[in-house]
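# Geometric and topological summary
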There are 2 protein chains.
Amino acid sequence: MSNKNSPIGVFDSGIGGLTVVKSLMHNLPQENVVYFGDIARIPYGTKSVSTIKKFTEQTVRFLLNQDVKAIIIACNTISAVARDTVLQLAGNIPVIDVISAGAKAATASASKIGVIATPATINSNAYPRAIQQLNPQAEVHSQACALFVNMIEEGFIKHPALDLIAAEYLTPLLKQKLEALILGCTHYPLITETIAKIVGNNIQIIDPAITAVSLLQAILNKTGQLNQNLTTNGNYRFYVTDVPIKFQSIGEMFLGHPMQHLEVVSVE
Amino acid sequence: MSNKNSPIGVFDSGIGGLTVVKSLMHNLPQENVVYFGDIARIPYGTKSVSTIKKFTEQTVRFLLNQDVKAIIIACNTISAVARDTVLQLAGNIPVIDVISAGAKAATASASKIGVIATPATINSNAYPRAIQQLNPQAEVHSQACALFVNMIEEGFIKHPALDLIAAEYLTPLLKQKLEALILGCTHYPLITETIAKIVGNNIQIIDPAITAVSLLQAILNKTGQLNQNLTTNGNYRFYVTDVPIKFQSIGEMFLGHPMQHLEVVSVE
């Protein structure tokens, strides 16, 4: 049975969910964290719903075996199609997903909302659906930014080519007089600066990696499940199904910290 | 049994091999062509050798059922790891692969040779191996250009961001005083102009999609297997295992022609 000292489980199909771990490190530094990335089977975005649900079930069982006290779905594809699978398996354990977290934060302060994400997430229509469930009057403008993930994973984060590509994608959105812009891909927080430079100061940039952690903090606080050990920092364990070339260095770029306990596991 | 009017089979894991079809359309316009792209199972570059061999076997059986008179392996990954599988199944039918074709063309005129390709192809070391088999004295300098495929598939072919990215990748190679540069990825012929602008006129750019077709032409000519019907243009059939969003428009960008007979098949 999980308790206050049990870890928070965070999972993603790949590496992007590490931005959620970074946000946990920053906002809840005393919490222990288990990260799972299904690197061997990415990308999920092109797979069928039943396959994604099967993979998700395997992952959640792995996390439950780690005795997690809460789960964050740090993957837009899984949030869009397999959230129910996680909820069913998790039972009483709180589950937060990045799409619900992003939609909640955006609708709290805005009704003209932009969403940028991968083509798979945009085509799933998951953000507009989540936003309009919370505020049926909300106006949502979406833009797929296919190259952002590639640019980030290649390390071209402060490259002038990224400025040009970002301008190409974001300029059409600017005509919509948005009040908020959701970073609908867990990679995008790494280029917030570039995005902010183009969209300007009048549009609130919403990072679901941060809002998901705030939501979880509120829930754990309410149920008395926050780790009270404030004298030492949390312990972090990173589990992946494969370690491709450059994985560790890219991961540490996402995390802003070394990944000390990195282990390859199989969940099939 | 195949004859002079039988089609030439061209296959790739994805869409890039269409540059070979384009080269066939241009240089051997009377030939009939069957193209196979295993779109449902891309990318091959991250799969195990045994899986790639199994997929290749399925594909070659499909092509042989189409009664092809020759096969072009229009995929660097398959050329690198499963050429033997194709040769075994093809029997007496001539088989050309893009790596051998590129290496042959480069060593014919140069001994300081550059290779640009995807990270998977560069890491396979297949080009240096093929080049040094032909000329053990040849000097090979390789450069992975991970973003080129993404930029091309997103249609950013003449975008100023591509100029910046290409300069980033190619500038280190220019210090090597290369005599020839092999486009070691079937996507790259679409951005030859950008590459040529950076490498200048003194480096010969070698496109294996073109040299593979020249090699095949010489073989078919020698064996009397060229299609003699010079009054009508060849017939083209495109078979794929999946048709993702934008596939047809991207394919037609590669081909420079409409893809009229496009059919989804299963080869499993």
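Quick notes on the rules
- Residues numbered from 1 in each chain as written.
- Chains lettered and ligands numbered in written order.
- Predicted model: local features only at pLDDT ≥ 70, side-chain atom pairs only at ≥ 80, totals over all residues.
- Heavy atoms only, no water.
- UniProt positions renumbered as here; feature names shortened; annotations may be inferred.
- Contact = heavy atoms within 4.5 Å.
- Polar contact = N/O pair within 3.5 Å; in protein donor to acceptor, adjacent residues only side chain to side chain.
- Buried < 20%, exposed > 50% of the residue type's maximum accessible area, 1.4 Å probe, protein only.
- Salt bridge = Lys/Arg side-chain N within 4 Å of Asp/Glu carboxyl O.
- Helix = DSSP H or I, 4+ residues; strand = E, 2+ residues; numbered from the N terminus.
- Expected span 1.5 Å × (residues − 1).
- Bend = angle between axes of the 7 residues up to and from the residue.
- Pairing = 2+ DSSP bridges.
- Axes fitted to C-alpha atoms, helices over the stretch in contact; angles between N-to-C directions.
- Buried area = accessible area lost by both parts, 1.4 Å probe.

Turning to the UniProt feature "binding site: substrate" (unreviewed entry) in chain A, a few remarks are in order. Residues and elements named next belong to chain A. When the UniProt feature table is mapped onto this chain numbering, "binding site: substrate" (unreviewed entry) sits at Asp 12, Ser 13, Tyr 44, Gly 45, Asn 76, Thr 77, Thr 186 and His 187. Leaving out residues up to four positions away in the same chain, Asp 12 has contacts with Gly 17, Tyr 35, Phe 36, Gly 37, Asp 38, Ala 74, Cys 75, Ile 78 and Thr 186. Within the local environment of Asp 12, its side chain forms a polar contact with the side chain of Ser 13, the two groups lying 3.4 Å apart. Overall, the relative accessible area of 9% leaves Thr 186 in the buried class. When sequence neighbours within four positions are dropped, the list of residues in contact with Thr 186 reads Asp 12, Gly 16, Gly 17, Thr 19, Ala 74, Asn 76, Val 98 and Phe 254.

Below, the discussion takes up the pattern of salt bridges. The full count for this structure, using the stated rule, is 14 salt bridges over all chains. The salt bridge involving Arg83(A) is made with Asp97(A); its shortest N-O contact spans 2.8 Å. Here Arg83(A), found in helix 3 (residues 76-90), pairs with Asp97(A), found in strand 4 (residues 95-97); they are 14 residues apart in sequence, far enough to count as distant. A residue is classified by how much of its surface remains accessible, and Arg83(A), at 31% relative accessible area, is partly exposed. The class of Asp97(A) is buried, set by a relative accessible area of 3%. Put simply, Lys69(B) and Glu31(B) hold a salt bridge, and the shortest N to O gap is 2.6 Å. On the criterion of sequence distance, the pair formed by Lys69(B) in the loop between helix 2 (49-65) and strand 3 (70-73) and Glu31(B) in the loop between helix 1 (18-27) and strand 2 (33-37) is long-range, its members being 38 residues apart. Each member of the pair, Lys69(B) together with Glu31(B), is buried.

Okay, helix 8 (residues 160-174) of chain A next. All names here are of chain A. The terminal C-alpha atoms of helix 8 lie 20 Å apart, and with 15 residues this matches the ideal 21 Å at 1.5 Å per residue to within 8%. The largest bend in helix 8 amounts to roughly 35° and is located at Glu 168, with the proline Pro 172 lying one to four residues further along. Among all positions of helix 8, only Ala 161, Leu 162, Ile 165, Ala 166, Tyr 169, Leu 170 and Leu 173 are buried.

A word on the sheet that holds strand 9 (residues 236-240) of chain B. All names here are of chain B. Taken in spatial order, the six strands make up an open sheet running 4-3-1-2-9-10, and their pairing is parallel. Edge positions in the sheet fall to strand 4 (95-97) and strand 10 (262-264), since each of these pairs with one other strand and no more. Pairs of neighbouring strands in the sheet enclose a mean axial angle of 20°, with direction left out of account. Where strand 1 (residues 8-12) meets strand 2, five bridges bridge the pair, whose relative direction is parallel. If you follow Gly 9 over to strand 2, its bridge partner there is Val 34.

It is worth spelling out the interface of chain B and chain A at this point. Each partner contributes to the interface: chain B provides 15 residues, whereas chain A provides 15 residues. Both sides of the chain B and chain A interface together cover about 1,300 Å² of buried area, and 76% of this is carbon and sulfur. The largest per-residue losses of area from chain B upon contact with chain A belong to Leu147(B), Glu154(B) and Leu164(B), which jointly make up 32% of the total buried on that side. Where chain B touches chain A, the interface holds zero salt bridges. Elements with a contribution of two residues or more to the side of chain B that touches chain A: helix 8 (146-153) and helix 9 (160-174) of chain B.

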